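Below, each chain spelled out in residue letters.
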Amino acid sequence: MLKKLLFAIFILICIKVQGQITGNVTNAQNEPLPYVNIYLKNATTGTTTNSDGQYSLSFDKAGTHTITFQFLGYTTKDVEVTITDFPFTLNTVLEEETTSLDEVILDSKVNPADRIIQEVLKEKPQTLSKQKAYTADFYSRGLWRVENAPEKFFGQELGDLGGGLDSTRTGIVYLSETISKIAYQEPDDFKEVITASKVSGDSNGFSFNSAQEADFSFYSNTLEIQAQIVSPIADNAFSYYTYKLVGTFKEGDKLINKIQVTPKRKNDRVFDGVIYIVEDDWQLYGADLNTSGAAIQVPFIDSLVFKHSFKYNATQKLWVKISQSIDFSFKLFGFGGNGRFSAVYSNYDFKPQFDRKSFSNEVLSFKPEANKKDSAFWQQIRPIPLTLEERADYTKKDSLQEIRDSKPYKDSVDSARNKFKFTDVLMGYSYQNTYDRWRLSYDAILPSISFNTVQGFNATTGLTYSTWSDNYKSVTNLSVNANYGLDDERLRFTGRFAKRFDPIKKTTVILEGGIKIQQFNAEEPITAIGNTLSTLFWKKNFAKFYELNFARAAFSQELFNGFQLIAQAGYEKRLPLFNTTDQTFFNKKFSYTSNNPLSPQDFNTAAIQTHSLGKVNIQAVINFDQKYMSYPDGKFKTDDSKYPTLLLNAEQTFAASEAGYNFTELKAEIRQEITLGNKGNLGYAFSGGTFLDANDISFVDYQHFNGNQTNINYRNNRLSGFNNLTYYDYSTNKSFFEAHVEHNFKGFILGKIPGIRALNLNLVTGVHSLITQENKPYTEFNIGVDNLGFGKLKFLRVDYVRSINGPNQKGAFVFGLSF
């Protein structure tokens, strides 16, 4: 007991010795001012008030100092204080800024705001060159609130979302903080080391707040916020904005111009609001800009508000960003919420001594014990004090965590969740033991019911047993499934064992086997629901099947960064299948085609003969220059690689029951998606391959291509298939080449057309081509629009497709989804 008391006294002494300046910032009406920048004049130490107007500035040097209070829309205030003891309290009142145009020489022929923006654009290369390399300290805090949350969402119980919701289903559902060291070197070298991380209600958690993902610079031509939003000081900004000089004010001896920024067109990918420009320096002093969910094409987002503040660095002659806040609100299906991500930058060093080892592909990492810092540490180091609401959330959830991690609590939650209802027979059921980390799930029959001409109506049910280690570092799944067809009266079983051993290299082993029906194209371009609808309603039984008896083992691992190896070996026995039903809802006089894709009108000859073989497949997935974030419980790739992904594949069969069925296939594919600023996204995928000793192989082993013969494209990925290609006419056992290119203009074109731009649609164009030795080249062109829908639900797409194959041409409208 005495040791604990002495330790507590020691902590309190340490906190006092380190020192803090604390206080409140209000306006003339005694209202708290949130996110005011406070810093020591001519120093790199700074902080920001919280949403209650409170601040805490870490500082431990007694004497006379000048404290600067800076807030957009208010007059910057310098307060000289003499400090003899810590903690030191300093409250202050800020006056609203008064702007005038007295110092502006007006010319009726020239918009003064345009002149200022032109000067900023002229000076921008020099401004960026002054910050081409630096290190800094970074602090971030993220908070999400939910209001009026439903009890269930899409049939799933939401609970109290980790203890965040009160009796009105309102409260904080995410609160997290990070402290890190960041380093940057142009053009794109970046490194962040998180030294402290805190997640409310999870003492073992690691925050997903990061400096790189919060790096929004208005000096960039576009800011990536789901879509590419054009900056008000982009090189082409005059094509998107109009500017008005609202007034000017003085910051010391600097004249600050306050400029209203207004979009030229509604629904463009743009901001509106106010920017502040320093006269003669022609740099940003501050920004208060907002955009909408319509602009970024996320309809349930109501608003996004960006606030940036800058401080003058005399050595660099540069106004550097010292704080950033992003406020957001959203609404969907009757409930909504809001939140804020705040960031503070300090201790810049613009002359870092970088060497060849300073940067690597690891852009984020954690210091050991980063998530184990105690409350005394955070109280001393966090630059933005907690609000009463945030403090209450930490206190509540930290106290709840011990209870919620206990066996009695987890058992009580499981008991409520595991209650069996009659509807579970139809929709599925899971029994879970959270404390011992295992789950047994039943896959219901009803959601799986489908129809095909080989089985008639059929359904699948199964059981899955899952278990996992602490923090899901390893996961094991064991499942067994049974499928039954009413017309072929066959019951088929499959089983699968899968274990992921670690979350870093993602080492995974899979063992599976059984009997199932399989489409000849194993990628299954015809979905079960798509085939059911086209068969029963239009008597178009496009899907063709064979029976597969198999046993297979697979292994995958990222051997080193950017290189993943996937190896698979197995035994297969393939048997032919025939139609067993002619049932349909309509077109009863119209006949189905046979189950033979080589001869659709031949109902007596099978596409394949019964045979068996062994098969080995090795695939390498190579992501060049792969950037990644290292968390203690996982490795996560970033999406900012400048290079494409390369896939190499080799397949070898052996011990076939017929000697002619042994073959070798070699394939390669290169794919990439490129962001072209506000001009949209371009994606491409080129693949090709060849067969060796494959003249007599089974049709199962041909290279098949993902076609589409319906007016609905069920595949969201348009870089792996065609819109208008027949399913099996181009299948080959010889050399082949496949190309897909598609560009989504993201409003760049349609957003400029009066009338149409109000619909907020995206123009999409593409070309898809296939070359095989046996056929004339096939090419199709598509043009369409996406972001179609109603209200906040806009995920539909429609294309007109024109296909060309020698003298044969065909046009069709194709409907699909776009996410």
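What you are looking at is a predicted structure, and each value in this text was computed from that prediction instead of being measured.

Colleague: What is the right way to look at the packing of aromatic side chains in this model?
Modeller: Describing an aromatic ring pair means giving the distance of the ring centres and the angle of the ring planes. In the structure shown here, the tally under the stated rule is 46 aromatic pairs. Relative to Tyr 546, the ring of Phe 520 has its centre 5.3 Å away and its plane inclined at 45 degrees; by these criteria the two rings are tilted. Of this pair, Phe 520 sits in the loop between strand 30 (508-519) and helix 8 (528-538) while Tyr 546 is found in strand 31 (residues 545-560), placing the two residues 26 residues apart along the sequence. Taken together, the ring pairs in this structure connect Phe 249, Tyr 276, Tyr 285, Tyr 312 and Trp 319 into an aromatic cluster. In this structure, Lys 373 packs its charged tip against the face of Phe 377, placed 5.4 Å from the ring centre.

Colleague: Where do I start with the pairing of strand 30 in this structure?
Modeller: As a general feature of sheets, a regular strand has side chains that alternate between the two faces. Here 7 bridges tie strand 29 (residues 490-500) to strand 30, and the two strands are oriented antiparallel to one another. Across the sheet, residue Arg 496 finds its bridge partner in strand 30, namely Glu 512. Note: strand 30 against strand 31, 12 bridges, orientation antiparallel. Across the sheet, the residue bridging to Thr 508 is Ser 556, located in strand 31.

Colleague: What's the story with helix 2 (residues 112-129) in this structure? I'm lost.
Modeller: Every α-helical turn comprises 3.6 residues, leaving residues that sit three or four positions apart pointing alike. Between its terminal C-alpha atoms helix 2 stretches 26 Å, which fits the 26 Å expected from 18 residues at 1.5 Å a residue. Along helix 2, the largest kink reaches about 45 degrees and is centred on Glu 123; proline Pro 125 follows within four residues of it. Those residues of helix 2 that fall on the buried side of the exposure criterion are Pro 112, Ala 113, Ile 116, Ile 117, Val 120, Leu 121, Lys 124 and Thr 127. Those residues of helix 2 that are buried lie in contact with strand 16 (241-251), strand 17 (254-263), strand 18 (272-278), strand 19 (283-292) and strand 21 (318-332). Two to three positions downstream of the cap, the backbone nitrogen of Ala 113 sits 2.9 Å from a side-chain oxygen, assigning the N-cap of helix 2 to Asn 111.

Colleague: Sorry, what's going on with the confidence of the model for the protein chain here?
Modeller: Reading fine detail from the predicted coordinates is not recommended where pLDDT is low. Confidence in the prediction for the protein chain averages 89 pLDDT; 95% of positions are at 70 or higher. Highest mean pLDDT in the protein chain belongs to strand 30 (98); lowest belongs to helix 1 (residues 2-18) (36). Considering only residues more than four positions removed or in separate chains, one finds that residues 1-18, a stretch of pLDDT under 50, has 9 contacts.

Colleague: I'm lost on unusual backbone geometry in this one. Help?
Modeller: Across the chain, the bulk of peptide bonds are trans and the bulk of non-glycine residues have phi less than zero. Note the cis peptide between Phe 86 and Pro 87, where omega equals -5 degrees. Examined against the element boundaries, Pro 87 turns out to sit in the loop between strand 6 (77-83) and strand 7 (88-89). Cis geometry marks the peptide bond from Glu 186 to Pro 187; its omega dihedral reads 5 degrees. Counting through the fold element by element, Pro 187 comes out in the loop between strand 12 (171-185) and strand 13 (189-199). The backbone of Trp 282 sits at a positive phi, close to 55 degrees, despite the residue not being glycine. In this fold, Trp 282 is placed in the loop between strand 18 and strand 19. Taking relative accessible area as the criterion, Trp 282 reaches 9% and is therefore assigned buried.

Colleague: Help me understand helix 5 (residues 388-404), please; the structure alone is not making it clear to me.
Modeller: Given a rise of 1.5 Å per residue, 17 residues ought to cover 24 Å, and the 23 Å separating the end C-alpha atoms of helix 5 matches this to within 8%. Among the residues of helix 5, Glu 390, Asp 393, Tyr 394, Lys 397 and Gln 401 are the ones counted as buried. Projected down its long axis, helix 5 shows its buried positions confined to an angular sector of 100 degrees, all on one face. Residues of helix 5 that are exposed and point more than 90 degrees away from the buried face comprise Leu 388, Thr 395 and Glu 402. Where helix 5 is buried, its residues meet strand 9 (133-147), strand 12 and strand 13.

Colleague: What's the story with the side chain of Arg 382 in this structure? I'm lost.
Modeller: The topology assignment puts Arg 382 in the loop between helix 4 (375-381) and helix 5. Arg 382 sits in the buried class, given a relative accessible area of 8%. Engagement of the side chain of Arg 382 in a polar contact is seen with the side chain of Glu 177, the distance being 2.8 Å.

Colleague: Can you walk me through the nonpolar core in this structure?
Modeller: Soluble, globular proteins show a tendency: their nonpolar side chains are buried together. Phe 218, Ile 225, Ile 233, Tyr 241, Ile 259, Phe 271 and Ile 275 are the most contacted members of the largest nonpolar core, which has 51 residues in total. Among all residues touching Ile 275, those that are not within four sequence positions of it are Ile 117, Pro 232, Ile 233, Asn 257, Lys 258, Ile 259, Val 261, Leu 284, Gly 286, Ala 287 and Leu 289.

Colleague: Is there a simple way to think about the pattern of salt bridges in this case?
Modeller: Side chains that differ in sign of charge can pair as their charged atoms come close. Going through the model one piece at a time under the given rule, you end up with 35 salt bridges. Across the pair Lys 635 and Glu 558 runs a salt bridge, and its minimum N-O distance is 2.7 Å. Of this pair, Lys 635 sits in strand 35 (residues 634-637) while Glu 558 sits in strand 31, and the two are 77 residues apart along the sequence. With a relative accessible area of 11%, Lys 635 lands in the buried category. Residue class for Glu 558 comes out buried when judged on its relative accessible area of 13%. In this structure, the salt-bridge partner of Glu 651 is Lys 615, at a minimum N-O distance of 3.8 Å. With Glu 651 in strand 36 (residues 645-654) and Lys 615 in strand 33 (residues 611-623), this pair connects stretches of sequence that are 36 residues apart. We classify Glu 651 as buried; its relative accessible area is 13%. It is possible to trace a salt-bridge network through shared partners that takes in Arg 496, Glu 512, Arg 552, Glu 572, Arg 574, Lys 615, Glu 651 and Asp 701.

Colleague: Would you mind showing me how to read the sheet that holds strand 6 here?
Modeller: Two modes of strand pairing occur in sheets, parallel and antiparallel, and in both the strands are linked by backbone hydrogen bonds. The sheet built from 4 strands is open, its strands ordered 3-2-5-6 with antiparallel pairing. A single partner strand is all that each edge strand has here, and the edge strands are strand 3 (46-48) and strand 6. Between one strand and the next, the sheet's axes are offset by a mean angle of 25 degrees, whatever the strand orientation.

Colleague: Help me understand the pairing of strand 34 (residues 628-631), please; the structure alone is not making it clear to me.
Modeller: Because side chains alternate across strand 34, one face comprises the buried residues Tyr 628 and Ser 630, and the other comprises Met 629 and Tyr 631, equally buried. Two elements, strand 23 (residues 362-366) and strand 34, share 2 bridges in a ladder whose sense is parallel. Residue pairing for strand 34: Leu 364 is matched across the bridge by Met 629. Summarising the sheet, strand 34 and strand 35 pair through 4 bridges and their orientation is antiparallel. Counted as the bridge partner of Met 629 is Phe 636 from strand 35. Connecting the antiparallel pair strand 34 and strand 35 is a turn made up of 2 residues.

Colleague: Would you mind going over the environment of Ala 287 with me for this structure?
Modeller: Tracing the backbone shows Ala 287 in strand 19. Along the primary structure Ala 287 and Ser 239 are separated by 48 residues, whereas in three dimensions their C-alpha atoms are 20 Å apart. Beyond its immediate stretch of four places on either side in the chain, Ala 287 contacts Leu 72, Phe 218, Val 274, Ile 275, Tyr 276, Phe 306, Lys 307 and His 308.

Rules of the game
- Residues numbered from 1 in each chain as written.
- Predicted model: local features only at pLDDT ≥ 70, side-chain atom pairs only at ≥ 80, totals over all residues.
- Heavy atoms only, no water.
- Phe/Tyr/Trp six-rings, centres within 6.5 Å; stacked < 30°, edge-to-face > 60°.
- Helix = DSSP H or I, 4+ residues; strand = E, 2+ residues; numbered from the N terminus.
- Lys NZ or Arg CZ within 6 Å of the ring centre and 35° of its normal.
- Pairing = 2+ DSSP bridges.
- Expected span 1.5 Å × (residues − 1).
- Bend = angle between axes of the 7 residues up to and from the residue.
- Buried < 20%, exposed > 50% of the residue type's maximum accessible area, 1.4 Å probe, protein only.
- Contact = heavy atoms within 4.5 Å.
- Polar contact = N/O pair within 3.5 Å; in protein donor to acceptor, adjacent residues only side chain to side chain.
- pLDDT = per-residue confidence, 0-100.
- Arc of directions from axis to C-beta.
- Core = buried A, V, L, I, M, F, W, Y, C linked by side-chain atoms within 4.5 Å.
- Salt bridge = Lys/Arg side-chain N within 4 Å of Asp/Glu carboxyl O.
- Axes fitted to C-alpha atoms, helices over the stretch in contact; angles between N-to-C directions.

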